[in-house]
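# Structure at a glance
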Amino acid sequence: MIEVKNLTKRYSGGRPAVKDISFKIDKGEIVGFLGPNGAGKSTTMNILTDYLSATSGSVRIGGFDVLQQPNKAKAKIGFLPEQPPLYIDMTVEEYLNFVFELKKVRLDRARHIEEVCRLVKIEEVYRRVIRNLSKGYRQRVGIAQALIGNPEVLILDEPTVGLDPKQIVEIRSLIKRLGKDHTVILSSHILSEIQAVCERIIIISNGSIVADDQTENLSKGFSENSHLTVQIEGDKEECLKALRGIDSVSEVTVTGQKDENIFEYYIETKKNADRRREVFGCAVKNRFVILAMQDSSMTLEEIFMKLTSTAAVSTDKTQKTKPGKEG
Amino acid sequence: MFAVFKRELSSYLNSMIGATFLFVYFLFSGIYFFYVLSYGTASLAPIFNNMFIVLILLIPILTMRLLSEERRTKTDQVLLTAPVGLWAIVLGKFLSAFIMLCIATSINVIFGLVLNLFGSPDWMSILSNIIGQLLLGAALIAIGLFISSLTESQVIAAISTFGVSLFFVLLDSAASLVEYKWVSDAVKWISFNDRYNEFTEGVVNISSIVFFISAAVIFIFLTTRSLDKRRWN
């Protein structure tokens, strides 16, 4: 549905905001575009919607090149920019009717606008002037304008920024519902938001894609080794000897003493190995008592920090972390 | 184009800008019409002569926010990401301002009808004056629209439009100072003042019609290029 090839954007007189990025998004996917502020997320989204032109590279939406056939490509997109593009002097009704006409939609106008309003829950403010609406409602009206014309692709740039927690939950649930019928690209610098809504994550840093994978695979893919934190009751030296005797364990360290004869061990095992059963078997065999055991593989936050820190941004790593996803 | 035109026209008619434009236009043309009545003449030419400078002051008010405000508030994103061409957006904006000018200019028809009660006004002269004012206005609106596309500030857009319009008006004065005849003729040829004055004298010159329409088309074209260039920066 979306195909981005070797996209580069260089603003006049500056360093490239986006550097040679490529990705494909299939129909029906909800993809999170994650990155710190200034990473190039909004620039990429603006290029996808033809608000900005790329310095080089190509973007195809539903088979149409954004540069060659802009109107056909744009007809397939609903876009909510970071700041909803609302005419605050208009009522919601006037604004949505204006967008309907602007997009040259050929659906039944009254019924379609009513459906969109029902979906984003703005029926009660339909006749109110946008200037007088709360930020939450303005955001919903912004999403409503993106939905006008029932586009196949929805591009939402930081849709929950500035909202209160209740509104954030509501907007996230709305995006999830929209994801059933649309291809959605959602940008954010908030990890929990992306985790809560998206099936796939593209992490962008300094204008380059540093990771592109399914949300659950990211953590596994980035942990070079698996880690376990275990609390065991028993003699420390014997425990260490026994744990180090497990084939798949590469390193064991004592990280603290919790009580008399109860120690906490940090066990590093070989890549992507889940060794909980072997550790449990070892404890039973040596008559130790396991009081707690926790998988300590990297959280998404840790991955994000690792990838977006300057040191982690290297071409080699980029290639390693996105197998088979590059278009 | 129609969606943009409708929105802009509605915005003019529901905002202080539109009301101020019409109020000031009606006020000054009313004052000049009062003079016409006082002097007992059946010609509206003095109104149009004097309204020339008023138009130069008023058009920037009409055009200052057309694109600069969209850029400042980022509402241009809804326009530029919609499946419509740049020409449609720019023409919609231009036509909305032009229709406001038509509404303002229509007061002169009423003045003509009032004169008709007391005498026999020269309707062809009134018509040529109205055509002249609309053509001059169209060129000035296109200039204002172009300048509005260059900045985010309404104030800068208004002042710059006024400055550029004044420049085109004062060209005929500058032409008289130029020593070389061909330069002087060339400068005079692009002077708005001389060409507009022909209409106020009841002369409908085809070359002047083509000149003003060409000026409008050129600046509308430049506006589309200016919007397009912004995407590439």
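Residues numbered from 1 in each chain as written. Chains lettered and ligands numbered in written order. Predicted model: local features only at pLDDT ≥ 70, side-chain atom pairs only at ≥ 80, totals over all residues. Heavy atoms only, no water.

## Some thoughts on the confidence of the model for chain B
Residues and elements named next belong to chain B. Counting all residues, the mean pLDDT for chain B is 89, and 100% of those residues have values of 70 or more. Ranking the elements of chain B by mean pLDDT puts helix α10 (residues 181-189) last with 79 and helix α6 (residues 86-105) first with 95. The complex model carries a pTM of 0.81, and its ipTM stands at 0.87. (pLDDT = per-residue confidence, 0-100. Helix = DSSP H or I, 4+ residues; strand = E, 2+ residues; numbered from the N terminus.)

## Quick word on the pairing of strand β4 (residues 56-61) of chain A
Residue and element names in this part refer to chain A. With five bridges joining them, strand β1 (residues 2-10) and β4 adopt antiparallel strand pairing. Opposite valine 4, over in β4, you have valine 59 as the bridge partner. The sheet contact formed by β4 and strand β5 (residues 64-65) spans two bridges and is antiparallel. Bridge pairing in β5 places arginine 60 opposite aspartate 65. What sits between the antiparallel neighbours β4 and β5 is a turn of two residues, in which glycine 62 has the positive phi angle 55 degrees. (Pairing = 2+ DSSP bridges.)

## Looking at the pattern of salt bridges
Scanning all chains against the criterion turns up 23 salt bridges over all chains. A salt bridge links glutamate 114 of chain A to arginine 118 of chain A; the shortest N-O distance between them is 3.5 Å. You can see glutamate 114 of chain A and its partner arginine 118 of chain A sitting in helix α4 (residues 109-120), four residues apart, about one turn around the helix. Classification of glutamate 114 of chain A by relative accessible area gives partly exposed; the value is 48%. Arginine 225 of chain B is paired through a salt bridge with aspartate 228 of chain B; the nearest N and O atoms lie 3.2 Å apart. Of this pair, arginine 225 of chain B and aspartate 228 of chain B both sit in helix α12 (residues 206-232), three residues apart, roughly one helical turn. Among the residues examined, arginine 225 of chain B registers a relative accessible area of 36% and is labelled partly exposed. Taking the relative accessible area as the measure of exposure, aspartate 228 of chain B reaches 15% and is therefore buried. One network of salt bridges, in which partners are shared, links Asp89 of chain A together with Arg7, Glu8, Arg65, Glu70 and Lys93 of chain B. (Salt bridge = Lys/Arg side-chain N within 4 Å of Asp/Glu carboxyl O. Buried < 20%, exposed > 50% of the residue type's maximum accessible area, 1.4 Å probe, protein only.)

## Some words on the nonpolar core
In terms of nonpolar packing, the biggest core is built from 155 residues, with Tyr95, Leu96 and Phe98 of chain A touching the most fellow members. Of the residues forming this core, the biggest block, 14 residues, is contributed by helix α8 (residues 123-148) of chain B. Once residues within four sequence positions are removed from consideration, leucine 96 of chain A is found in contact with Ile113, Cys117, Ile122, Tyr126, Val141, Ala144, Gln145 and Ile148 of chain A. Counting 17 residues, the second-largest nonpolar core is a separate cluster that includes Val230, Ala242, Val249 and Cys282 of chain A. (Core = buried A, V, L, I, M, F, W, Y, C linked by side-chain atoms within 4.5 Å. Contact = heavy atoms within 4.5 Å.)

## Regarding the sheet that holds strand β14 (residues 289-295) of chain A
All names here are of chain A. Across the sheet, four strands lie side by side as β12-β13-β11-β14; this open sheet has antiparallel pairing. Two strands close off the open sheet at either side, each with one partner strand: β12 (249-259) and β14. For this sheet the average axis-to-axis angle between neighbouring strands, irrespective of direction, equals 20 degrees. Two strands pair when backbone bridges link them, and strand β11 (residues 226-233) and strand β13 (residues 262-269) are joined in this way by eight bridges, in the antiparallel orientation. The partner of leucine 228 across the bridge, within β13, is isoleucine 267. In this fold helix α10 (residues 276-285) packs onto β11, β13 and β14, with an angle of close to 170 degrees to the strand it touches most, β14. (Axes fitted to C-alpha atoms, helices over the stretch in contact; angles between N-to-C directions.)

## Examining the interface of chain B and chain A
Listed per partner, the contact involves 24 residues of chain B and 30 residues of chain A. When chain B packs against chain A, close to 2500 Å² is buried across both sides, 57% of that on carbon and sulfur atoms. Contact with chain A buries surface across chain B, with Arg7, Pro83 and Arg231 of chain B losing the most and accounting together for 28% of the total. Our count for the contact surface shared by chain B and chain A stands at three salt bridges. Salt-bridge contacts for aspartate 89 of chain A lead to arginine 7 of chain B; the nearest nitrogen and oxygen are separated by 3.6 Å. Inspection of the chain B/chain A interface yields eleven residue pairs in polar contact (both at pLDDT 80 or more). For the side of chain B that touches chain A, the leading source of residues is helix α1 (residues 2-13) of chain B, giving six residues. (Buried area = accessible area lost by both parts, 1.4 Å probe. Polar contact = N/O pair within 3.5 Å; in protein donor to acceptor, adjacent residues only side chain to side chain.)

## Some remarks on a nonpolar patch on the surface
Residues and elements named next belong to chain B. On the surface, a nonpolar cluster with roughly 780 Å² of combined accessible area is contributed by Phe23, Leu27, Phe28, Ile31, Phe34, Tyr35 and Tyr39. Checked against the element boundaries, isoleucine 31 lands in helix α2 (residues 16-39). Classification of isoleucine 31 as partly exposed rests on a relative accessible area of 33%. (Patch = residues over 30% accessible without salt bridge, like charges linked within 9 Å, V, L, I, M, F, W, Y side chains within 5 Å. Areas by Shrake-Rupley, 256 points an atom, 1.4 Å probe, with all protein chains shown as cover.)

## What about the packing of aromatic side chains?
Counted by the stated rule, this structure contains 19 aromatic pairs over all chains. Taken together, a centroid distance of 6.2 Å and an interplanar angle of 35 degrees make the contact between phenylalanine 2 of chain B and phenylalanine 5 of chain B tilted. Residue phenylalanine 2 of chain B and its partner phenylalanine 5 of chain B are both found in helix α1; the two are separated by three residues, about one turn of the helix. Residue classification places phenylalanine 5 of chain B among the buried residues on the basis of a relative accessible area of 16%. Taking 6.4 Å as the distance between ring centres and 35 degrees as the angle between the ring planes, the aromatic pair formed by tryptophan 87 of chain B and phenylalanine 221 of chain B counts as tilted. Taken together, the positions of tryptophan 87 of chain B in helix α6 and phenylalanine 221 of chain B in helix α12 put the pair 134 residues apart, joining distant regions of the chain. Overall, phenylalanine 221 of chain B belongs to the partly exposed group, its relative accessible area being 40%. Taken together, the ring pairs connect Phe167, Phe168, Trp189, Phe192, Phe199, Phe211 and Phe212 of chain B into an aromatic cluster. Note that arginine 7 of chain B overlies the ring of tyrosine 87 of chain A, its terminal NZ or CZ placed 3.7 Å from the centroid. Between the NZ or CZ atom of arginine 65 of chain B and the centre of the ring of tyrosine 12 of chain B, over which it lies, the distance is 5.7 Å. (Phe/Tyr/Trp six-rings, centres within 6.5 Å; stacked < 30°, edge-to-face > 60°. Lys NZ or Arg CZ within 6 Å of the ring centre and 35° of its normal.)

## Let's talk about unusual backbone geometry
All names here are of chain A. One non-glycine residue, aspartate 20, lies in positive phi territory at about 50 degrees. As for its placement among the helices and strands, aspartate 20 is situated in strand β2 (residues 16-25). We classify aspartate 20 as partly exposed; its relative accessible area is 47%. In this model, arginine 287 sits at a positive phi of 60 degrees, which is unusual for a non-glycine residue. Mapped onto the elements of the fold, arginine 287 is located in the loop between α10 and β14.

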